[in-house]
Structure formats: C-alpha cells, structure tokens
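Each chain, letter by letter, is given below.
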Amino acid sequence: EVQLVESGGGLVQTAGSLRLSCAASGFSFSSYDMSWFRQAPGKEREGVAALTISGGRTFYGDSVQGRFTISRDNAKSTVYLEMSNLKPEDTAMYYCAARASYYPSWSALQRSSYPNWGQGTQVTVSS
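Residues numbered from 1 in each chain as written. Predicted model: local features only at pLDDT ≥ 70, side-chain atom pairs only at ≥ 80, totals over all residues. Heavy atoms only, no water.

A.B. asks: Please provide a residue-by-residue account of the pattern of salt bridges, values included.
C.D. replies: All chains considered together, the criterion is met by five salt bridges. Here Arg19 makes a salt bridge to Glu82, at a shortest N to O gap of 3.9 Å. In this pair, Arg19 sits in strand S3 (residues 18-25) while Glu82 sits in strand S8 (residues 78-83), placing the two residues 63 residues apart along the sequence. Using a relative accessible area of 43% as the deciding quantity, one classes Arg19 as partly exposed. By relative accessible area, Glu82 is classed as partly exposed at 36%. Where Arg38 meets Asp90, a salt bridge forms, and the shortest distance between an N and an O atom there is 2.8 Å. Residue Arg38 is found in strand S4 (residues 32-39), and its partner Asp90 is found in the loop between S8 and strand S9 (92-100); the two are separated by 52 residues along the sequence. Through salt bridges with shared partners, a single ionic network connects Arg38, Glu46, Arg67 and Asp90. (Salt bridge = Lys/Arg side-chain N within 4 Å of Asp/Glu carboxyl O. Helix = DSSP H or I, 4+ residues; strand = E, 2+ residues; numbered from the N terminus. Buried < 20%, exposed > 50% of the residue type's maximum accessible area, 1.4 Å probe, protein only.)

Spelled out as structure tokens, the structure:
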C-alpha cells in the first residue's frame, strides 16, 4: 500500500522559511516521480514543484519559481520542499504526490496524473 506522510508545516511570518518533508513507503520510491501540490480555501489544487525520474528534471509553478526547491533522498524515501521568502499567498494545505515514471515530463505539475496522495500539511504565512 502506497503511503505518503507530510510533515513540517506550520505558522511562519512573511519572508520566512519552512522545509516540508514527505516520507514515502509501500512502493519503489527511487523509480517514482514526486511532486508537491497545494490548495488554498476556495481554490483548486495547484502544482507547486515536481521532480521527475526521466532526466532528473525539476518543474516549478510560476508563483514559486526561485523561492521553492524540491529535492529527494532515495535512501530515506523522502521528498522535501524548501520554501523561502514566503508570502501570505503561499498559505495553503500542501500535499505530496507520487506517480510512476512512465508519464510524460510535461505533465509533471498536472494533478490528474498523480494517483497517490498524502493527507497534507498546513502552511500559514502571516503578514
């Protein structure tokens, strides 16, 4: 059974930093694409960052480019999201997602291509 468990969320001030972690189990972590999505109240879930196996490519949403960094540690079966220069508009529930690596890279930030999801961790940025 695929399990994804996020942690590291919390309350932070504007311009602050946080690191989210997602511990994975139940599948071959090193051969899966991993990503982070977020969903604010009343808004659709949007892709934040993704790391694909094919070519080892990273993808970022326009609103977080240059501020967020996704990385993975295959030995620990964990994916991370380093967030810096946080803004109030970054406030959302953040979700970790996993998919098999046969999906095309261009779909890395498409919610519909991910069948496996964690429960989420809340990030709140105060102004």
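A.B. asks: Provide a residue-level description of the packing of aromatic side chains, including the pertinent values.
C.D. replies: Evaluation of the coordinates by the stated rule reveals six aromatic pairs. Considering the side-chain rings of Phe37 and Trp117, the 4.9 Å spacing of their centres and the 65° angle between planes classify their relative orientation as edge-to-face. Remark: Trp117 occurs in strand S10 (residues 116-117) and Phe37 occurs in strand S4; sequence separation between them is 80 residues. Residue classification places Trp117 among the partly exposed positions, given a relative accessible area of 25%. Each residue in the set Phe27, Phe29 and Tyr32 is aromatic and connected to the rest through ring pairs, giving one cluster. A cation over a ring is seen here: Arg72 above Phe29, with NZ or CZ 4.4 Å from the ring centre. (Phe/Tyr/Trp six-rings, centres within 6.5 Å; stacked < 30°, edge-to-face > 60°. Lys NZ or Arg CZ within 6 Å of the ring centre and 35° of its normal.)

A.B. asks: Break down unusual backbone geometry for me, with residues and values.
C.D. replies: At Ala15, a residue that is not glycine, the phi angle is positive and equals roughly 80°. Position of Ala15 relative to the elements: it lies in the loop between strand S2 (10-13) and S3. The backbone of Asn85 sits at a positive phi, close to 50°, despite the residue not being glycine. Positionally, Asn85 belongs in the loop between S8 and S9.

A.B. asks: Describe the environment of Leu4, with residues and values.
C.D. replies: Topologically, Leu4 is positioned in strand S1 (residues 3-7). The exposure class assigned to Leu4 is buried, which follows from its relative accessible area of 7%. Sequence separation between Leu4 and Pro115 is 111 residues; the distance between their C-alpha atoms is 12 Å. When residues no more than four places from it in sequence are discounted, the contact partners of Leu4 are Cys22, Ala23, Ala24, Phe27, Met34, Cys96, Ala97, Ala98, Asn116, Trp117, Gly118 and Gln119. (Contact = heavy atoms within 4.5 Å.)

A.B. asks: Before we move on, could you go through the sheet that holds strand S7 (residues 68-73) and cite the residues and values that matter?
C.D. replies: Overall, antiparallel pairing links the four strands, which are arranged S1-S3-S8-S7 in an open sheet. Unpaired on one side and paired on the other, S1 and S7 mark the two borders of the sheet. Averaged over all pairs of adjacent strands, the angle between strand axes in this sheet comes to 15°, irrespective of strand direction. In the sheet, S1 pairs with S3 via five bridges, with the strands oriented antiparallel. Within the sheet, the bridge partner assigned to Ser7 lies in S3 and is Ser21. (Pairing = 2+ DSSP bridges. Axes fitted to C-alpha atoms, helices over the stretch in contact; angles between N-to-C directions.)

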